[in-house]
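Commentary on secondary and tertiary structure
Residue strings, one per chain:
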Protein chains: 2
Amino acid sequence: MTNGPAPGALRASSRPRIVIIGCGFGGLEAARALRRADVDITLVDRTNHHLFQPLLYQVATAGLSAPSIAAPIRNLFREQRNVTTLLDEVKHIDPASRTLTMASGHAIAWDHLIVAAGATHSYFGNDDWARHAPGLKTLDDAFEIRRRVLMAFEAAERETDPAKREALLTFVVIGGGPTGVEMAGTMAEIARHTLPGEFRRIDPASARVLLVEGGTRVLQAMPPELSTRAQEQLTRLGVDVRTGARVTRIDARGLEVGGEGIEPYRIDSGCVVWAAGVAASPLGRQLAGAVGLQTDRAGRVPVEPDLSLAGHPDISVIGDLAAAKSHAPGKEPTPVPGVSPGAKQMGRTAAANILRRLAGQPTRAFVYQDYGNLATIGRNSAVVDLTTPAGPVRFSGYFAWLFWLFAHVYFLIGFRNRLVVLIDWAWAYWTFHRQARVVARSDAS
Amino acid sequence: MTNGPAPGALRASSRPRIVIIGCGFGGLEAARALRRADVDITLVDRTNHHLFQPLLYQVATAGLSAPSIAAPIRNLFREQRNVTTLLDEVKHIDPASRTLTMASGHAIAWDHLIVAAGATHSYFGNDDWARHAPGLKTLDDAFEIRRRVLMAFEAAERETDPAKREALLTFVVIGGGPTGVEMAGTMAEIARHTLPGEFRRIDPASARVLLVEGGTRVLQAMPPELSTRAQEQLTRLGVDVRTGARVTRIDARGLEVGGEGIEPYRIDSGCVVWAAGVAASPLGRQLAGAVGLQTDRAGRVPVEPDLSLAGHPDISVIGDLAAAKSHAPGKEPTPVPGVSPGAKQMGRTAAANILRRLAGQPTRAFVYQDYGNLATIGRNSAVVDLTTPAGPVRFSGYFAWLFWLFAHVYFLIGFRNRLVVLIDWAWAYWTFHRQARVVARSDAS
């Protein structure tokens with residue numbers, strides 16, 4: 001009946017037990033980097049799929065269906081026999097006994113542990129905002145945002161009160177990072193191009209899309225000139241970009257905005273999306289406490305140059321959960337940005353360092369290889385900031401969009417997904433239709 | 001702002017107001033049949049999509065993603081300007097004032113009403129069974145069944161107790177109709193072909209799939225020899241078919257089965273699916289009561305030969321909600337089977353009769369055109385019973401499966417869906433993979 005190590009039997013195996021928490025970009029890459037190693041890998045994730053986060057906003061805006069950007073984890077490791085995948089949620093990490101406790105009640109012991117539990121959204125202490133302004137981290141989040149966006153138009157078509165109708169047709173995205181910019185741009189695209197002609201009582205093109213950013217510019221990880229391009233492209237798409245505007249309140253009927261030199265004002269909205277803050281998984285704080293470390297303001301765990309924990313070489317922390325620095329030879333250590341290439345590279349380094357330890361060799365410091373930065377704004381528009389040996393290459397507009405498109409489709413996991421995503425996009429591009437405009441649970445009232 | 005009749009303003013229009021409740025096969029066909037009529041059509045559905053029910057089991061078994069079998073209603077009627085689509089739920093029908101009351105609080109008045117609210121599952125009075133054995137009518141149902149099937153395998157991989165593990169790997173489908181047969185066959189396919197190799201502690205192929213049918217044979221709408229073929233093919237796929245077995249109890253840990261000459265026994269199961277009974281929408285009983293009619297045992301509303309209600313020629317009832325008979329000239333009236341062709345044909349007849357009334361012509365009696373009956377069992381196997389002028393044509397096996405496949409893809413709405421469904425199936429067929437094995441909310445504990 002069993003064709004692998006039995007649950008209790010991992011101890012029986014003489015091979016080193018490597019446990020990886022989380023199958024995001026970091027955890028996935030770490031497990032793959034160990035594919036030829038003579039070890040027993042247990043990969044624990046609380047979902048059954050690896051999610052291609054960079055395209056999650058497309059699921060939220062009904063452009064793609066979930067399976068196009070999510071692959072079953074155990075299917076990804078079907079051929080990698082040294083990986084055992086467990087769908088479970090880690091509740092507690094005990095460095096002393098080197099044991100994890102799971103939501104299912106089971107426990108797992110490790111010789112080497114890689115913690116890649118990732119991040120969740122942060123409402124800067126205003127957790128009651130979550131109800132009114134969902135964030136975008138999981139497929140459930142994406143379905144909920146898709147439902148709210150589409151249902152707002154449906155409610156507007158039903159609505160007889162002009163003021164209420166206008167509020168229902170006001171969409172607000174909070175946070176001008178890549179996700180916020182992509183969400184706002186795509187929402188404007190839906191209102192201007194996808195829905196017109198399908199309603200009889202409202203004009204979807206009259207919908208307002210606002211992008212509210214507390215900082216002075218959108219895409220702050222980008223060079224200023226690309227932020228300017230992005231903002232121009234957003235405006236062209238019909239997005240009302242408001243920088244330097246801080247959210248002071250979010251309720252069921254909208255939000256309040258203030259900021260330096262800004263007379264506080266209210267925006268009535270039927271659909272508010274949160275793309276402002278992320279915080280490391282709570283697991284980080286628990287782990288840090290257990291090993292006597294302090295997490296940073298974002299809840300990330302400080303790591304040694306080799307990504308292990310001070311005094312606990314058997315534990316490595318990677319990805320969004322790690323306050324990691326890049327240690328390029330002869331340079332000052334620089335913080336690693338919270339992007340997927342960073343997580344992937346940390347995954348490879350952590351795995352390599354475990355193999356070095358097993359071979360009795362010294363570990364190596366993590367060096368982040370920066371390839372640059374991409375962001376799409378909407379139909380035909382994106383900004384690209386490539387880091388090349390010859391210096392930065394920066395461009396925007398149509399070719400940036402094509403570059404973004406193929407880069408993302410290329411990195412998508414699995415041939416079928418790439419093919420179907422390309423078909424969906426080609427279809428959407430030529431017809432302006434969005435194929436995933438289906439809401440399973442649509443509350444009429 | 002409004003590019004159609006304003007909410008309150010329908011009365012202002014001089015054109016006849018036709019209201020259609022429900023956008024299943026019947027309602028969709030009725031609205032389309034009126035596309036050239038000089039009328040105002042209001043189409044009310046509580047979801048935003050038309051669902052291609054015959055393939056819903058493929059969503060439940062992770063073969064297809066939801067958008068492949070669901071099309072946004074208002075997109076389907078984008079070009080048909082005389083249709084206003086409203087996402088809302090009808091709470092009350094008042095024939096006296098000719099008004100509908102909605103969940104949103106709004107009201108709609110009609111000159112002609114077509115009620116096509118369809119059916120839901122019936123647990124024969126044991127409504128507490130619903131929790132333990134979900135049925136398959138909506139996308140939410142399909143996602144829940146998908147979640148339970150996939151999560152049962154995940155829990156089994158975690159489970160250390162052999163007895164519990166065996167229960168988790170026991171899947172039970174209740175009801176041997178087309179849906180039950182398709183579900184059971186596909187579940188067996190998943191266990192035998194899709195999942196093996198992906199687990200390390202369990203052998204998915206050791207999973208048991210039981211099909212429990214109270215009657216003497218599966219597919220009772222089919223001629224006996226095709227039922228026999230279907231049962232043979234199910235057995236070949238590894239399904240344990242139990243006919244003449246009545247369910248006497250369903251709880252969180254499994255079910256109890258009895259029946260004539262059967263010693264009552266218990267089946268421990270982690271995943272039970274209900275495909276046994278359907279009942280007409282509750283709206284039928286409310287409507288019947290309001291016009292002084294009695295619904296039949298299945299809760300269906302008795303209709304006149306022209307599908308209108310006795311004494312209420314302005315109200316027609318069609319599809320699964322109608323206890324309709326076919327009135328072929330010179331023949332005894334015969335009941336109409338609850339299949340999609342029946343609903344579509346009723347939709348066309350109801351629409352045509354409304355136009356005849358508007359033209360002051362006598363209405364015509366409904367005549368059901370029976371093209372036959374299809375059911376698929378699983379990979380490469382199906383049974384086909386065609387009704388032709390030259391008499392019945394019956395076949396089963398691989399060619400029946402191809403026939404079934406192309407018939408269903410042909411009737412799918414929208415080019416893109418057909419294309420993507422074909423790609424998904426071709427991919428699934430050659431690789432044995434199932435592309436939609438993604439569970440958004442996967443409870444580890």
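Residues numbered from 1 in each chain as written. Chains lettered and ligands numbered in written order. Predicted model: local features only at pLDDT ≥ 70, side-chain atom pairs only at ≥ 80, totals over all residues. Heavy atoms only, no water.

1. Observations concerning the overall build of chain A
Spelled out, the test is: Under the scheme used here, helices are H or I runs from DSSP no shorter than 4 residues and strands are E runs no shorter than 2 residues, and both carry numbers assigned from the N terminus. In this description the radius of gyration comes from C-alpha coordinates, and the expected globular size is given by 2.2 Å times residues to the power 0.38. Any residue under 20% of the maximum accessible area for its type is buried, any over 50% is exposed, and the rest in between are partly exposed; the area is computed with a 1.4 Å probe on protein chains only. In this description, contact between two residues means that some pair of their heavy atoms is separated by no more than 4.5 Å. Values of accessible area rely on a 1.4 Å probe in the Shrake-Rupley scheme; residue burial ignores everything except the protein chains shown. His is not counted, nor are the chain ends, whereas Lys and Arg count as positive and Asp and Glu as negative. All charge positions are set by atom: Lys at NZ, Arg at CZ, Asp at CG, Glu at CD.
Along its length, chain A carries 12 helices and 27 strands. Taking 22 Å as the expected radius of gyration for a compact globule of 445 residues, we find that chain A reaches 23 Å, a close match to that expectation. Per-residue burial for chain A yields a buried fraction of 56% across its 445 residues. Sequence separation of at least 24 residues holds for 61% of the intrachain contacts in chain A that already meet a minimum separation of 6. Per element, the accessible surface of chain A, about 17700 Å² overall, is 53% carbon and sulfur. Computed over 49 positive and 42 negative side-chain charges, the separation of the two mean positions in chain A equals 4 Å.

2. Points about the sheet that holds strand β15 (residues 254–258) of chain A
All names here are of chain A. In plain terms, the rule: A pair of strands counts as paired when DSSP detects no fewer than two bridges linking them. The angle between two axes is taken between their N-to-C directions and runs from 0 to 180 degrees, where each axis is a line fitted to C-alpha atoms and a helix contributes only its stretch in contact.
Spatial strand order, β14-β15-β16: 3 strands in an open sheet with antiparallel pairing. This sheet does not close on itself; its edge strands, each paired only once, are β14 (246–251) and β16 (265–268). Across the sheet, the mean angle separating the axes of adjacent strands is 25 degrees when strand polarity is ignored. Across 4 bridges, the pairing between β15 and β16 is antiparallel. In the strand pairing of β16, leucine 255 is matched with isoleucine 267.

3. Details of helix α9 (residues 282–290) of chain B
All names here are of chain B. Our working rule: Think of it as the arc spanned by the lines of direction from the helix axis to the C-beta atoms.
Looking only at α9, the buried set comprises Leu283, Gly284, Leu287 and Ala288. Along α9, the residues classed as buried sweep out an arc of 130 degrees about the axis, all on the same side. Set apart from the buried face of α9 by more than 90 degrees, the exposed residues are Pro282, Arg285 and Gly289. For α9, the elements touching its buried residues are β1 (17–21), β6 (90–94), β9 (112–115), β19 (301–302), β20 (308–309) and β21 (312–317).

4. Regarding the relation of the copies chain A and chain B
Note the following rule: For this overlay, a least-squares fit was computed on C-alpha atoms, restricted to residues scoring pLDDT of at least 70 in both copies.
When chain A is fitted onto chain B, the two copies agree to an RMSD of 0.0 Å after a turn of 180 degrees and an axial shift of 0.0 Å. Look at the turn and shift together and you get a two-fold axis relating the two. Both copies share a contact surface, since 100% of the interface residues of chain A are interface residues in chain B too.

5. Observations regarding the side chain of Glu159(B)
What counts here: Two N or O atoms count as a polar contact when they lie within 3.5 Å, although within protein this holds only if one can serve as hydrogen donor and the other as acceptor, and sequence-adjacent residues are included solely when both atoms are side-chain atoms.
Take Glu159(B): it is sitting in the loop between α5 (139–158) and α6 (162–168). In this structure the side chain of Glu159(B) is engaged in a polar contact, spanning 2.9 Å, whose partner is the backbone nitrogen of Asp161(B).

6. Concerning the confidence of the model for chain A
Residue and element names in this part refer to chain A. Inclusion rule: Each residue carries a pLDDT score, the predictor's confidence in it, ranging from 0 to 100.
Looking at chain A, pLDDT values average 91 and 95% of them are 70 or higher. Contacts of residues 1–11 to residues separated by more than four positions or lying in other chains number 28 contacts, the stretch itself having pLDDT below 50. Of the two predicted TM-score estimates for the complex, the pTM is 0.91 and the ipTM is 0.89.

7. Some words on the nonpolar core
Filter applied, for reference: Nonpolar core, defined: a set of buried Ala, Val, Leu, Ile, Met, Phe, Trp, Tyr and Cys residues in which side-chain atoms within 4.5 Å join the residues together.
Membership of the largest hydrophobic core comes to 67 residues, with the highest contact counts inside it found for Leu55(B), Ile69(B), Leu139(B), Phe153(B), Phe171(B) and Met183(B). Considering every element that reaches this core, the biggest residue donor is α5(B), with 8 residues. Setting aside residues up to four positions removed in sequence, Leu55(B) forms contacts with Leu64(B), Ile69(B), Trp404(B), His408(B), Leu412(B) and Trp425(B). Counting 66 residues, the second-largest nonpolar core is a separate cluster that includes Leu55(A), Val149(A), Leu234(A) and Ala343(A).

8. A short note on the packing of aromatic side chains
Aromatic ring pairs are defined here through the distance separating the ring centres and the angle between the ring planes. Spelled out, the test is: Whether two aromatic rings pair depends on their centres lying within 6.5 Å, for rings of Phe, Tyr and Trp, where Trp uses its six-membered ring; planes under 30 degrees apart make the pair stacked, over 60 edge-to-face, and the rest tilted. By definition here, charges over rings are those cases where NZ of Lys or CZ of Arg is within 6 Å of the ring centre and within 35 degrees of the ring normal.
Inspection of every chain in the model, using the stated rule, returns 20 aromatic pairs over all chains. Feature note: the residues Tyr123(A), Phe124(A), Trp129(A) and Trp274(A) constitute an aromatic cluster, connected by ring pairs. Over the aromatic face of Phe199(B) sits the side chain of Arg74(A), whose NZ or CZ is 3.9 Å from the ring centroid.

9. Notes on the interface of chain A and chain B
Basically, it comes down to this: When two components associate, each loses some accessible surface as probed by a 1.4 Å sphere; the sum of these losses over both components is called the buried area. The rule for a salt bridge is simple: a side-chain nitrogen of Lys or Arg has to be within 4 Å of a carboxyl oxygen of Asp or Glu.
Across the boundary between the two partners, chain A contributes 73 residues, which contact 73 residues of chain B. Carbon and sulfur atoms make up 55% of the area that chain A and chain B hide from each other, which totals about 6500 Å². Where chain A meets chain B, there are 6 salt bridges. A salt bridge links Arg158(A) to Asp88(B); its shortest N-O distance comes to 3.9 Å.

10. What about the sheet that holds strand β17 (residues 271–274) of chain A?
Paired through their backbone hydrogen bonds, the strands of a sheet run either parallel or antiparallel. Residue and element names in this part refer to chain A. The strand order across the open sheet built from 4 strands is β13-β12-β11-β17, with neighbouring strands paired in parallel fashion. A single partner strand is all that each edge strand has here, and the edge strands are β13 (239–242) and β17. The mean angle between the axes of side-by-side strands here comes to 20 degrees, regardless of whether they run parallel or antiparallel. Summarising the sheet, strand β11 (residues 170–174) and β17 pair through 4 bridges and their orientation is parallel.

11. Quick word on the environment of Leu402(B)
Structurally, Leu402(B) can be placed in helix α11 (residues 398–411). C-alpha separation for the pair Leu402(B) and Pro362(B), spaced 40 residues apart in sequence, amounts to 43 Å.

12. Things to note about the pairing of strand β13 (residues 239–242) of chain B
All names here are of chain B. Rule in force here: Here, the term right-handed applies to a crossover whose path from the first strand over the helix to the second runs clockwise when the strands point away from the viewer.
The alternating pattern of β13 places Val239 and Val241 on a buried face and Asp240 and Arg242 on a face that is not buried. In the sheet, strand β12 (residues 208–212) pairs with β13 via 4 bridges, with the strands oriented parallel. When the bridges of β13 are listed, valine 209 appears paired with valine 239. Taken together, β12, helix α8 (residues 224–237) and β13 constitute a β-α-β crossover, and its handedness is right-handed.

13. Overview of helix α8 (residues 224–236) of chain A
All names here are of chain A. The cut-off we apply is this: To estimate the expected span of a helix, subtract one from its residue number and multiply by 1.5 Å.
With 13 residues, α8 extends 18 Å between its outermost C-alpha atoms, agreeing within 8% with the 18 Å of an ideal straight helix rising 1.5 Å per residue. Within α8 the residues assigned to the buried category are Leu226, Ser227, Ala230, Gln233 and Leu234. Taken down its axis, α8 places every buried residue within 125 degrees of arc, on the same side. Check the buried side of α8 and you find it contacts α7 (178–194), β12 (208–212), β13, β25 (372–378), β26 (381–388) and β27 (391–396). Phi turns positive one or two residues past the end of α8, at glycine 238, with a value near 100 degrees.

14. Describing the pairing of strand β7 (residues 99–102) of chain A
Moving residue by residue along a regular strand, the side chains alternate between the two faces of the sheet. All names here are of chain A. Of the two faces of β7, only the one carrying Leu100 and Met102 is buried; Thr99 and Thr101 on the other face are not. As defined by bridge partners, strand β6 (residues 90–94) adjoins β7 across 4 bridges and the pair is classed as antiparallel. Looking across to β7, one finds that isoleucine 93 is bridged to leucine 100. Pairing of β7 with strand β8 (residues 107–109), which is carried by 3 bridges, proceeds in the antiparallel orientation. Directly across from threonine 99, in β8, lies its bridge partner alanine 109.

15. Examining the side chain of Asn48(A)
Looking at the secondary structure, you find Asn48(A) in the loop between β2 (40–45) and β3 (49–51). Reaching out from Asn48(A), the side chain makes a polar contact with the backbone oxygen of Arg437(B) at a distance of 3.0 Å.

16. Section: unusual backbone geometry
Among all residues except glycine, the phi angle is most often negative; among peptide bonds, the trans geometry is most common. All names here are of chain B. Its identity is not glycine, yet alanine 62 carries a phi of approximately 65 degrees, on the positive side. In this fold, alanine 62 is placed in the loop between α2 (56–60) and β4 (70–72). In this structure, leucine 307 is a non-glycine residue whose phi angle is positive, near 75 degrees.

17. Here's the deal with the pattern of salt bridges
According to the stated counting rule, one finds 49 salt bridges over all chains in the structure shown. For the salt bridge of Glu154(B) with Arg74(A), the shortest nitrogen-to-oxygen distance reads 2.7 Å. Taken together, the positions of Glu154(B) in helix α5 and Arg74(A) in helix α3 (residues 73–76) put the pair across two chains. The same class applies to Glu154(B) and to Arg74(A), which are both buried. One salt bridge in this structure joins Glu144(A) and Arg148(A), with 2.7 Å as the shortest N-O distance. Remark: Arg148(A) and Glu144(A) occur in helix α5 (residues 139–158); sequence separation between them is 4 residues, near one turn of the helix. Residue class for Glu144(A) comes out buried when judged on its relative accessible area of 18%. Ionic contacts of the salt-bridge type, sharing partners, join the residues Arg249(A), Asp251(A), Glu256(A), Arg266(A) and Asp268(A) into one network.

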